[in-house]
Amino acid sequence: PRTRILATGGASHNKKILQVLSDVFNAPVYTIDTANSACLGSAYRAIHGLVAETNVSLADIVKLAPEPKLAVTPTAGAEEV
């Protein structure tokens, strides 16, 4: 029940692709409004490295990210198909 999919990149702008993901995995799909999502993880690691001497965890750094937005939810009955 707590499973969710975070979609990034070009396909994340296509609602039909997101709906297929949601139906196949029976989980809501969220997107983030970031132009270069492929670089996002390394950017968080770089920030983490800059504040390393403060003992801030990577999880705390990632919590500062914008909250993903719900894009689609599973179609009713899709899990039965």
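Just above, that's the structure.
Note that the coordinates shown come from a computational prediction; the quantities given were computed from them, not determined experimentally.

S.K.: Please explain the sheet that holds strand 1 (residues 5-7) as it appears in this structure.
M.R.: Neighbouring strands of a sheet are bound in pairs by backbone hydrogen bonds; such pairs are parallel or else antiparallel. Strands sit in the order 1-2-3 across an open sheet of three strands; the sheet is mixed. In this open sheet, the two edge strands, each paired with only one partner strand, are strand 1 and strand 3 (69-72). Shown here is a sheet whose adjacent strand axes are inclined to one another by a mean of 45°, direction ignored. Sheet topology note: the strand 1/strand 2 (residues 29-31) ladder contains three bridges and is parallel. When the sheet's bridge partners are listed, A7 is paired in strand 2 with T31. With respect to the sheet, helix 1 (residues 15-25) is in contact with strand 1, strand 2 and strand 3, its orientation differing from that of strand 3 by roughly 85°.

S.K.: Just checking my understanding: could you explain unusual backbone geometry for this structure?
M.R.: One can expect most non-glycine residues to show negative phi and most peptide bonds to be in trans. A positive phi angle, close to 50°, is found at N26, a residue other than glycine. Structurally, the position occupied by N26 is in the loop between helix 1 and strand 2. Of note, the phi angle at N55 is positive, near 60°, even though the residue is not glycine. Examined against the element boundaries, N55 turns out to sit in the loop between helix 2 (40-50) and helix 3 (58-62).

S.K.: What is the right way to look at the nonpolar core in this model?
M.R.: Across soluble globular proteins, nonpolar side chains have a tendency to be buried as a group. Residues I5, A7, L18, A27, V29, A71 and V72 constitute the largest nonpolar core, which totals seven residues. Looking at this core, the elements with two or more residues in it are strand 1 and strand 3. The contacts of A27, once residues within four sequence positions are left out, are T3, R4, I5, S22 and P74.

S.K.: How do you make sense of the pattern of salt bridges when you look at a structure like this?
M.R.: Should their charged atoms come close, side chains of opposite charge can pair. Overall, the coordinates contain two salt bridges when judged by the stated rule. A salt bridge links K63 to D60, with the nearest nitrogen and oxygen atoms 3.6 Å apart. On the accessibility criterion, K63 (63% relative accessible area) is exposed.

S.K.: It is not clear to me how a nonpolar patch on the surface should be interpreted in this structure. Could you clarify?
M.R.: Taken together, I17, V20, L21, V24 and F25 make up a surface patch of nonpolar side chains, about 460 Å² in accessible area. With respect to the helices and strands, V20 occurs in helix 1.

Cut-offs and rules
Residues numbered from 1 in each chain as written. Predicted model: local features only at pLDDT ≥ 70, side-chain atom pairs only at ≥ 80, totals over all residues. Heavy atoms only, no water. Pairing = 2+ DSSP bridges. Helix = DSSP H or I, 4+ residues; strand = E, 2+ residues; numbered from the N terminus. Axes fitted to C-alpha atoms, helices over the stretch in contact; angles between N-to-C directions. Contact = heavy atoms within 4.5 Å. Core = buried A, V, L, I, M, F, W, Y, C linked by side-chain atoms within 4.5 Å. Buried < 20%, exposed > 50% of the residue type's maximum accessible area, 1.4 Å probe, protein only. Salt bridge = Lys/Arg side-chain N within 4 Å of Asp/Glu carboxyl O. Patch = residues over 30% accessible without salt bridge, like charges linked within 9 Å, V, L, I, M, F, W, Y side chains within 5 Å. Areas by Shrake-Rupley, 256 points an atom, 1.4 Å probe, with all protein chains shown as cover.

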